Amino acid sequence: MSAPRGNSLLLGIDVGGTKVAFAVGDARGRILARHRRPTEPGDPKRDLARMAADARALLEEVDAEPEHLAGVGVSLPGPLDLEQGLLLNPPNLPGWNRVPVRDVLADALGAPVQLENDANAAALAEWRFGAGRGFEHMLYLTMSTGVGGGLILGGRLHRGVFASAGEVGHIPVEWGGERCNCGMRGCLEAYAGGASWTKRLRAIAPERSRVVALAGGRDHALPEHVVAAAREGDAFALAEMERFNGYLARALVTLGFVLAPEAVVLGTIATAAGEELCFRPVREKVRQRLWPFLAERMQILPAALGADLPYQAGLAVAFEGVAGV
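Please read these numbers as outputs of a predicted model, since none were measured by experiment.

### Quick look at the overall build of the protein chain
- A count of helical and extended segments in the protein chain gives 11 helices and 13 strands.
- Expressed as a percentage of contacts within the protein chain between residues at least 6 apart in sequence, the contacts between residues at least 24 apart total 61%.
- Roughly 14500 Å² of accessible area belongs to the protein chain as shown, and the carbon and sulfur atoms make up 51% of that amount.
- Positive and negative charge centroids in the protein chain, built from 34 and 37 side chains respectively, lie 4 Å apart.

Below you can see the structure in the form of structure tokens.
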């Protein structure tokens, strides 16, 4: 596919602990070309040089050059210093400490580069291109290894102090509860995060449960096995989904009162569980605890981008930089 001429293209890069995803697209979120490869952390200088080479190769696929880029967006695990354009020692990218990602890629590609943490980037993508389109006030939650979030308030990404807004995974849902990886107790992430839930399942799942059967042993149990077993009516799995939904609803009620969003978009575990196992019971629990005029106006929706999310996240960050918002 040939690219349009002029400075009309966007390049998105999504960097994670296990993969790097690249996309060339436009401001409508249309993906013209994409590429995905494993992450090879350890030597940031080498890694960034390879990212730039991969980006140039992807541009060649659409018959374009770096000078056709209006902007580049990079989605990264935090922490980030957005003012200086630095990545600050993220736990899942060893060796990446105070790495000047923005300036290195800008020099290599000759285009402006915008950085964003991965949860905010996902929120931007769902807002611009996915389930959040058309809303002025939207909250995005992802429940994968941990629980991340992003806030769109008044039609703008809300970053807060040190770009730390949206840490919904650390809303306390049980005072003095389970210890979270952050060091605090009772965080939503300790109950609804994939890593914490996996640890719980491998400790308590009954050997005769369908969860263990699907996993091929308790030591291999994952939240996805809970979802599959719950669809088959397994009692343990249904109780685990009820627990998950209850803690998620507690956090959403708090966020509903504080932020009064028009939409809450839920990804990963919630989207995989679907309407009957997750969205309907969560909506009902929230409705019971939130003032009616807020509950009626707060839609709770599944994320829409699916496997395209990493590519769209980078593009959404690029658009954010070009738009200057």
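### As for the sheet that holds strand S5 (residues 80–81)
- Read from one edge to the other, the open sheet built from 3 strands follows the order S5-S6-S7, with strand pairing classed as antiparallel. This sheet does not close on itself; its edge strands, each paired only once, are S5 and strand S7 (97–99).
- Across 2 bridges, the pairing between strand S6 (residues 86–88) and S7 is antiparallel. Residue pairing for S7: Leu87 is matched across the bridge by Val99.

### As for empty space enclosed by the protein
- Under the criterion given, the structure shown has 1 cavity of 30 Å³ or more.
- One number sums up the size of the largest cavity: a volume of about 50 Å³.
- Together, Val20, Arg37, Thr39, Glu40, Asp47, Arg50, Met51 and Trp96 line the largest cavity.
- In terms of residues, the lining of the largest cavity owes the most to one element, helix H1 (residues 44–61), which gives 3 residues.
- Partitioned by chemical class, the residues of the lining of the largest cavity number 3 nonpolar, 1 polar and 4 charged.

### Points about a negative patch on the surface
- Where like charges cluster on the molecular surface, the negative patch consists of Glu60, Glu61, Asp63, Glu65 and Glu67.
- Secondary-structure assignment places Glu65 in the loop between H1 and strand S4 (69–76).
- The exposure class assigned to Glu65 is partly exposed, which follows from its relative accessible area of 40%.

### Here's the deal with the confidence of the model for the protein chain
- Within the protein chain, residue pLDDT values average 93, and 97% of them lie at 70 or more.
- Scored below 50 in pLDDT, residues 1–5 makes 15 contacts in the model with residues more than four places away or belonging to other chains.

### Some remarks on unusual backbone geometry
- Note that the residue after Gly78, namely Pro79, is joined by a cis bond; omega there is 5 degrees.
- As for its placement among the helices and strands, Pro79 is situated in the loop between S4 and S5.
- A positive phi angle, near 55 degrees, is found at Asn89, a position not held by glycine.
- When its relative accessible area of 45% is taken as the criterion, Asn89 is described as partly exposed.

### Some details on the packing of aromatic side chains
- Inspection of the entire model under this criterion finds 4 aromatic pairs.
- The interplanar angle of 10 degrees and the centroid separation of 5.1 Å between the aromatic rings of Trp197 and Phe244 together place this pair among those described as stacked. Of the two residues, Trp197 sits in helix H5 (residues 194–204) while Phe244 sits in helix H8 (residues 235–259), which places them 47 residues apart along the sequence. Across the pair, Phe244 and Trp197 agree in class, each one buried.
- On the numbers, 6.1 Å between centres and 25 degrees between planes, the contact of Trp291 with Phe293 is stacked.
- Judged by its relative accessible area of 46%, Phe293 is partly exposed.
- Counting every residue linked through ring pairs, the aromatic cluster contains Phe257, Trp291 and Phe293.

### Concerning the environment of Ala237
- Relative to the helices and strands, Ala237 resides in helix H8.
- With relative accessibility at 0%, the residue Ala237 sits in the buried group.
- Residues Ala237 and Val227 lie 10 residues apart in sequence; the distance between their C-alpha atoms is 7.1 Å.
- Apart from residues no more than four positions distant in its own chain, Ala237 is found in contact with Val211, Val226, Ala229 and Ala230.

Criteria and thresholds
Residues numbered from 1 in each chain as written. Predicted model: local features only at pLDDT ≥ 70, side-chain atom pairs only at ≥ 80, totals over all residues. Heavy atoms only, no water. Helix = DSSP H or I, 4+ residues; strand = E, 2+ residues; numbered from the N terminus. Contact = heavy atoms within 4.5 Å. Areas by Shrake-Rupley, 256 points an atom, 1.4 Å probe, with all protein chains shown as cover. Lys, Arg positive; Asp, Glu negative; His and termini not counted. Charge placed at Lys NZ, Arg CZ, Asp CG, Glu CD. Pairing = 2+ DSSP bridges. 1 Å grid on protein atoms, 1.4 Å probe; cavity = no way out; pocket = protein on both sides within 12 Å on 5 of 7 lines; lining within 4 Å. Points joined across faces, edges and corners; volume = space filled by probe spheres on them. Nonpolar A, V, L, I, M, F, W, Y, C, P; charged D, E, K, R; others polar. Patch = residues over 30% accessible without salt bridge, like charges linked within 9 Å, V, L, I, M, F, W, Y side chains within 5 Å. Salt bridge = Lys/Arg side-chain N within 4 Å of Asp/Glu carboxyl O. Buried < 20%, exposed > 50% of the residue type's maximum accessible area, 1.4 Å probe, protein only. pLDDT = per-residue confidence, 0-100. Phe/Tyr/Trp six-rings, centres within 6.5 Å; stacked < 30°, edge-to-face > 60°.

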